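Listed below, chain by chain, are the residues.
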Amino acid sequence: MQNVNVGARIREHREKAGLTQMQLAEVVFATRQTVGNWERGATLPDIQSLQLLAGVFGVTVDELLGGDAAELAREAANDRRALMRSFIMEWVNILVLICAGLARSALREHGVSWPAYQGYSMVLGVVQWAVMLYMLFAVAERDKVKRARDLVNVTDIVAFLEGRASADELPHDWFYRWVLTKVNWWRWGIVAVLLVCFVAMGMGATLQ
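What counts, and where the lines are drawn
- Every chain's residues receive numbers from 1 upward, in the order its sequence appears when written.
- This being a predicted model, a pLDDT of at least 70 is required before a residue's local features are given, and a value of 80 or more before pairs of side-chain atoms are given or counted; all residues contribute to the totals for chains, interfaces and linings.
- Only hydrogens and water are set aside; all other atoms, that is, all heavy atoms of the structure, feed into the side-chain values.
- Per the convention used, a helix needs a DSSP run of H or I reaching at least four residues, while a strand needs a run of E reaching at least two, with both numbered from the N terminus.
- The globule rule used for comparison is 2.2 Å times the number of residues to the exponent 0.38, while the radius of gyration itself is calculated over C-alpha atoms.
- Note on classification: 1.4 Å probe, protein chains only; a residue is buried when its accessible area is under 20% of the maximum for its type, exposed when over 50%, partly exposed between these limits.
- Charged-residue counts in this description rest on Lys and Arg as positive and Asp and Glu as negative, His and the chain ends being excluded.
- To locate a charge, the coordinates of NZ of Lys, CZ of Arg, CG of Asp or CD of Glu are taken.
- Remark: nonpolar core denotes a set of buried residues (Ala, Val, Leu, Ile, Met, Phe, Trp, Tyr, Cys) joined through side-chain atoms within 4.5 Å.
- We define a salt bridge as a side-chain nitrogen of Lys or Arg found within 4 Å of a carboxyl oxygen belonging to Asp or Glu.
- Each direction from the helix axis to a C-beta atom contributes to the arc, which is the arc of those directions.
- What counts as a ring pair is set by centres within 6.5 Å for rings of Phe, Tyr and Trp (its six-membered ring), and what kind of pair is set by the plane angle: stacked under 30 degrees, edge-to-face over 60, tilted for all other angles.
- Criterion for a charge above a ring: Lys NZ or Arg CZ within 6 Å of the ring centre, and within 35 degrees of the ring normal.
- Note on contacts: a residue pair qualifies if any of its non-hydrogen atoms lie within 4.5 Å across the two residues.

Q: Whenever I open this one, the overall build of the protein chain confuses me. Can you help?
A: Regarding its fold elements, the protein chain presents 10 helices and 0 strands. For the protein chain, the succession of helices and strands along the chain, N to C, is α-α-α-α-α-α-α-α-α-α. Here the C-alpha radius of gyration of the protein chain, 24 Å, is well above what a compact globule of 208 residues would show, namely 17 Å. By its C-alpha atoms, the protein chain is 80 × 35 × 20 Å across when sized along the principal axes. Looking at the 208 residues of the protein chain, the share that counts as buried comes to 35%. Treating the 21 positive side-chain charges of the protein chain as one cloud and the 21 negative ones as another, the clouds have centres 7 Å apart.

This is the structure we're talking about:
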């Protein structure tokens, strides 16, 4: 990953200038964690930070990047695409499961013959498995990006998707407090509500 090359150059220039990570962070208006992420290659400085770093080290931005700018941008775009694809596929998988369940319920209510019901159910099953397998592939790609970019939690992922140096730069508004930091609550809450709805629908059909 080209980020590692840029991180090594930042660390080399910082050590040559006799600065600690904290001292460099103060000069370029970042945090020590952000500088650490840059040097490990987990994240890449934005253009403003690159200009500040180049000024501190007495080099040009091109020298700091070492001609890797285009490749770095391409890698970041590919990684962001992989993350977004995995999140979209998770929700697509849930929607397919819901639609398949509703379709099977509708087939039973309309008194479709057993052979026909089996045929339709098999088609629905194939679609479900295909979507689930693609989702698992997308999630595996996401885990690979998370490891490579050192993205520990949801806030780290969102910061990377927004092009921020670290989660510290995210605005601490209601969305951050009640959605991002509690995304697993929302996810499992929605799944629980859907399960309750399916159980209620099944009980209703039995009573009829």
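Here the narrative resumes, following the displayed structure.
Q: I would appreciate a short explanation of the nonpolar core in the present structure.
A: One broad rule of soluble globular proteins: the nonpolar side chains tend to lie buried together. Of all hydrophobic cores here, the largest spans 16 residues; its most connected members are I10, L24, W38, L53, F57, L64 and L65. Listed by contribution, the elements that provide at least two residues to this core are α1 (2–16), α2 (21–27), α3 (32–40), α4 (47–57) and α5 (61–65). Ranked by the residues each element gives to this core, the list is headed by α4, at 4 residues.

Q: Is there a simple way to explain the pattern of salt bridges in this structure?
A: Counted under the stated rule, the structure contains 2 salt bridges. R14 serves as the salt-bridge partner of E39, at 2.4 Å between the closest nitrogen and oxygen. Of this pair, E39 sits in helix α3 while R14 sits in helix α1; the two residues are 25 residues apart in sequence, bridging distant segments of the chain. Between R142 and E90 there is a salt bridge, and its shortest N-O distance comes to 3.0 Å. Of this pair, R142 sits in helix α7 (residues 114–149) while E90 sits in helix α6 (residues 69–109), and the two are 52 residues apart along the sequence.

Q: How should I be thinking about α4 in this particular structure?
A: Each α-helix turn comprises 3.6 residues. Residues three or four places apart therefore point the same way. Buried within α4 we find S49, L50, L53, A54 and F57. Buried residues along α4 cover an arc of 135° about the axis, so they all sit on one side. Turned more than 90 degrees off the buried face of α4, the exposed positions are Q48 and G55. Positive backbone phi, at 75°, marks G58, one or two positions downstream of α4.

Q: Please clarify how the packing of aromatic side chains should be interpreted in this entry.
A: A full pass over the atoms with the stated rule returns 2 aromatic pairs. Geometrically, the ring pair formed by W114 and Y117 is stacked, given 5.6 Å between the ring centres and 20° between the ring planes. Note that W114 and Y117 are positioned in helix α7 at a spacing of 3 residues, about one turn of the helix. Note on W114: relative accessible area 56%, which makes it exposed. Note on Y134 and F137: the rings are 6.1 Å apart at their centroids and 40° apart in plane angle, and the pair reads as tilted. Of this pair, Y134 and F137 both sit in helix α7, 3 residues apart, roughly one helical turn. Y134 sits in the partly exposed class, given a relative accessible area of 39%. The residue whose ring lies beneath R80 is F160, and the NZ or CZ to ring-centre distance is 4.6 Å.

Q: What exactly am I supposed to notice about the side chain of R142 here?
A: Given a relative accessible area of 9%, R142 falls into the buried group. Those residues in contact with R142 that sit more than four places away from it in its chain are L83, S86, F87 and E90.

Q: Looking at this model, I keep getting lost on the environment of Q118. Mind explaining?
A: Its location among the elements puts Q118 in helix α7. Through-space distance from the C-alpha of Q118 to that of R108 is 11 Å; in sequence the pair is 10 residues apart.

Q: Help me out: how do you make sense of α3 in this one?
A: Taken as a whole, α3 has its buried residues at T34, V35, G36, N37, W38 and E39. At the C-terminal side of α3, G41 shows a positive phi close to 85°.

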